[in-house]
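Remarks on the overall topology
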Amino acid sequence: MTALAAALVITGQQTPAVAGGDADPAPAPASQSDHRVTLITGDRVTVSPDGARVTVTAAPGRAGTRFTSHRAGGHRTVLPEDARPLVAAGLLDRRLFDVTALVRAGYDDARSPGLPLIVSRRGADPAAGLTGPGLRTTGRFAVAGMSAVTVAKTDAASAWSAIREQRAGIERIWLDRPLTPAPVPAPPTDLPPALSAGGAAPTVAVLSTGVDAVRARPAARVAHRQVFAGASTVDRHGHGTRTAAAVPGATLLDGKVCDDDGRCPESAILAGLEWAAGRADVVDLGVGGAEQFGTGPLGRAIARIGDRTGALVLAPAADGTAGATATHDRPDGRATGLPAGTVTGAALLAQRHPDWSVDRLRAALAASAVDGALDAAALARRNVLPATASLAFGVQQWPHADDRPQQRTLTWHNHGDRPVELRLDVALTGPDGAPAPAGALRLDATTVTVPAGGSAGVTVTADTRHDGPDGRYTGTVTATPAGAPDLAVRSRVEVEKEVESHTLTVRHLGPDGRPTGRAETMVLDLTGELRALLYGEDGTATARLPKGSYVLVGDVVDFGDTGSTWHRLVQPELALDADATVTVDARRTAPVRTTVPRPEARTAVVDLGFDRRAEDGTGFALALALNGFDGLRSGQIGPDLPAERMTGYLHSTWAVPGPAGDFRDTPYTYGLLDTRPGGFFTGFQRKVADRDLATLDSRMVAQVTGRAATKAMFPTVPGVVGVLTPLLPYRLPARTTHLLDGGATVWSAAFGENVPGEDGLPKEITAFGQANQSYQVGQRHADRWNASVLGPMFDFPGHAGRSGDTVWFGVPMYSDQDGHRAGSLTDAATTRMYRDGRLVASSGAGNLEGTVPPGPATFRVEKRTSRPSYSPLSTRVDATWTFRSDTADEIFPLWLVRYKPTVDDHNVARWAPVTLLPVSVMSQPEARVGRVRQLTVRISVDGGRTWRKAPVVPARDGGYRAVVHTPKGTRTVSLRATLVDSHGNRLDQTIVDAYRFSR
């Protein structure tokens, strides 16, 4: 499977689109329509379905906007320059610019006409929402102190302007993330008697997948029901129903916050919390997938609801595992955890102690957990409970020789009518999993007697002046009542013995040598994770960071002015082993410029970046994309690294502007890539001569004459795996000449035939990709794109195969005759896999993944595609493969038949009554196939209604020739082939309207 990657297209009014590729081979073409996402700024991002190509188009009125592209950890973030200060200040959620996350969340424009946000405002009404063009407040949650707002993508640029105008009154804007239902809990066992028997029945709100009151065992009593996500009240996942069964006799509120497809938008969850607040004693929030749950909008909302209404909100573990978490903002920003079975115990406590505070209920539940489970029956018999759920001792800064012991008081309250003596035990575990040294955690007493109806406590001391490893220590204080070990209660303890850390100070100096607040420095670790973002009005900022190696990227620039000079300074490595000060001085930069000999050429894009690699193979890339060299300066701080650890690069693409000011039908392009192994550029100057470049003459053939097309050339050199490259526009048919750097630079390419989409942006009908090619300096080369016959092709091992009993199938069906792998928009596409005649897997798209029964069998895969509304050529492409396969790791033994008629730039062949059609066969690379035993070709001249056999003869080039008889007036030829090899593998392949004749 292809990871979502490194490609970026940047364009504005009268500027070309820009694409970037991370991988070799070239970005894989789409097999379906691309995913297009509109950012909150109005800039649009397009991602191919296989995740190999990402494009961004600057919104109208934002031409000249500069973008920082950051690739790390499988994610690509595209950050416009005017959004950076708002992200740095914490006003904007950085995930709003995480292209990968937005695609995975389903916020592409085809599925979501708006970009959903969660907003908290400053002032008396934090749930006031946002106003302005393109902004619609869809929900106000007064208790939670937030609102749901949707940005209309058709007017996102105006909405962005309105947001910037209101930023003084905005506290925070988050992406409204779709979470997932929590795992279905195990069936409840050892339930206490019906809650209604012990006094007033508590009210429990279940915010989850819905509650099926009939299927719940024991049966649930639903008093009120509300749907916040989806349309039906049906529970298709089971979490809500199973949870309801755990509180027999309670009055239930059923709030469905997850739709039937398992999407639980945070806005729906907030609406459910608002509805339940004030109505319920206990709220069970059955959603998962929330990273940093306690610090996001839901964590903040839960804390406010508890404080304002007294409702205890229970939420699942942040990692989505079975269990429960009473989410609450802690001093250290993490969520506190509670065990499975919490909802039953919470309902019991709410019934017995309706006057208890949320914190007290939470503490009682946490203290009653034993080995990850909560015994509700034992909880009902506990009279002695701690006053707090945990003791946090904060962070003891490194070094630790001068640490002072920290003390906290742990108090228990006795709700019974007799005094209870408690035996106290402590246990503390270090970051290495071993017991902490003696004395790291101690009590001032080993027993304590808690009077009836009263409280008693002890002093707990944490001492980090020990020789145990640095890091986080966790443990418990266990209080066991005399003679009743099953009623023991536990209090969690956390002690942070800070790992060796130091203070980094960054001083920003402007081009005049004075401190400047118009600057920002990113501090990244060697995986590319952003560890600190340093800025300050006085030009100085600090961060405390663990000892280690970091990369610093400093920008001295006025982010609000797209015409301001951009000074980028990079420190390849900062070894932070003591307090350090780094000066990011704009005066240490120098101009970056390249010139070409042809005066009419202009830059389509300039991409200044670096790839940084760690010794363990991890790494990241960071780049700055601009429209030209004016105002671009760069510099390096500190020494170089070994060449294998870092490569700085400068890539530029040049073309000729047309009458409209864009680069449509440019007669030539320059593609240049310069590198600096081991470091970053301190300025750069290059004067290019045509004789020092390779020449590539490119023909772009038309499926439909006059249609638009785009083409991009992607350079790669050792040490650089992805650059930003323009996707230049053409009108088909077209020809252009590429003047390219040669030597170690290799070039992949992407081409697409397009039509205008409903939003005015290009919509690729057929998208092609080409793997890396070398072009020799001083030599002339040629390529051609989009030539008939468009049909199936293999270009690497693994298009289809199996690993054990997991199978996949993804043969590209529309590659051109020159070997460019391609996919196409289709009117219909299906793939079906049969095992011994029985359907075992199917897909309503071009690709298939699934699991099949083990053992040997005969497989038949049928792939059917049609696209008459998109192209008059290859209007239907079908293939059926029959082969044997057994449980193993295997590349399926598949064959294809390829054709190469002679066509002109309009994809038209010259008619003759008899022609010899070049035919070739290809098997999937590395597959175990036999010798070709039978090859037959049939033709149709009436669009596939009738067929007749065409004789096939061997050719000297190792292929074949089919003798094609076509009557006068024939418009298109359709081709059907059957191939059988000596192992019994079979192919039946049909291409309707494979090529055409002139009328």
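Residues numbered from 1 in each chain as written. Predicted model: local features only at pLDDT ≥ 70, side-chain atom pairs only at ≥ 80, totals over all residues. Heavy atoms only, no water.

The protein chain is annotated in an unreviewed UniProt entry as Subtilase family protein from Micromonospora reichwaldensis.

Looking now at the side chain of aspartate 403. Positionally, aspartate 403 belongs in the loop between β22 (390–396) and β23 (406–414). In this structure aspartate 403 is buried but unpaired, with lysine 497 as the nearest side chain of opposite charge at 6.9 Å. A distance of 2.6 Å separates a polar atom in the side chain of aspartate 403 from a polar atom in the side chain of histidine 400. Among the polar contacts made by the side chain of aspartate 403, one reaches the side chain of threonine 464 at a distance of 2.6 Å. (Helix = DSSP H or I, 4+ residues; strand = E, 2+ residues; numbered from the N terminus. Buried < 20%, exposed > 50% of the residue type's maximum accessible area, 1.4 Å probe, protein only. Lys, Arg positive; Asp, Glu negative; His and termini not counted. Salt bridge = Lys/Arg side-chain N within 4 Å of Asp/Glu carboxyl O. Polar contact = N/O pair within 3.5 Å; in protein donor to acceptor, adjacent residues only side chain to side chain.)

So, about the packing of helix α7 (residues 342–352) against helix α8 (residues 358–367). For the pair α7 and α8, interaxial distance at closest approach is 10 Å and the crossing angle is 130°. One element, α7, and the other, α8, form an angle in the oblique class. Between α7 and α8 lies a crossing whose hand is right-handed. Listed contacts from α8 to Thr342, Gly345, Ala346, Leu349 and Ala350 of α7 are Leu361, Ala364 and Leu365. Of the residues that constitute the contact of α7 with α8, the class distribution is six nonpolar, two polar and no charged. (Axes fitted to C-alpha atoms, helices over the stretch in contact; angles between N-to-C directions. Parallel < 35°, antiparallel > 145°, perpendicular 65-115°, else oblique. Left-handed = near helix turned anticlockwise from the far one by under 90°. Contact = heavy atoms within 4.5 Å. Nonpolar A, V, L, I, M, F, W, Y, C, P; charged D, E, K, R; others polar.)

With that settled, consider the sheet that holds strand β66 (residues 960–965). Strand order across the open sheet formed by four strands is β60-β62-β66-β65, with antiparallel pairing between neighbours. If you trace the sheet from one side to the other, it starts and ends with β60 (895–899) and β65 (952–954), each paired once. Here the strands of the sheet are splayed against their neighbours by 35° on average, with no regard to which way each runs. Pairing between β65 and β66: three bridges, direction antiparallel. Bridging from a neighbouring strand, valine 952 pairs with alanine 962 of β66. (Pairing = 2+ DSSP bridges.)

Within strand β5 (residues 67–72), six of the six residues are buried, which leaves the element mostly enclosed by the surrounding structure. Residues Phe67, Ser69 and Arg71 of β5 are buried on one face, and the alternating residues Thr68, His70 and Ala72, pointing to the opposite face, are buried as well. Inspection of the sheet shows β5 paired to strand β39 (residues 619–626) by six bridges, in the antiparallel sense. Its bridge partner being in β39, phenylalanine 67 is matched across the sheet by alanine 625. Both β5 and strand β6 (residues 75–80) contribute to a ladder of six bridges, which runs antiparallel. Looking across to β6, one finds that arginine 71 is bridged to arginine 76. Counting the residues between successive antiparallel strands, the hairpin from β5 to β6 contains two residues, one of them, glycine 73, with a positive phi of roughly 60°.

A few words on the packing of aromatic side chains. By the definition in use, this model includes 14 aromatic pairs. Measuring from ring centre to ring centre gives 5.9 Å for tyrosine 668 and tyrosine 670, while their planes differ by 90°; the resulting arrangement is edge-to-face. In this structure tyrosine 670 comes out as buried when scored by relative accessible area, which is 0%. Look at phenylalanine 859 and phenylalanine 883: their rings are 6.0 Å apart centre to centre, the planes differ by 10°, and that puts the pair in the stacked class. In this pair, phenylalanine 859 sits in strand β57 (residues 857–866) while phenylalanine 883 sits in strand β58 (residues 876–885), placing the two residues 24 residues apart along the sequence. For phenylalanine 883, a relative accessible area of 2% gives the class buried. Taken together, the ring pairs connect Phe610, Phe620, Phe680, Phe681 and Phe684 into an aromatic cluster. For the cation-ring pair, arginine 598 lies above tyrosine 668, with the distance from its terminal atom to the ring centre recorded as 4.4 Å. Positioned above the aromatic ring of tyrosine 834, the side-chain terminus of arginine 860 is 4.2 Å from the ring centre. (Phe/Tyr/Trp six-rings, centres within 6.5 Å; stacked < 30°, edge-to-face > 60°. Lys NZ or Arg CZ within 6 Å of the ring centre and 35° of its normal.)

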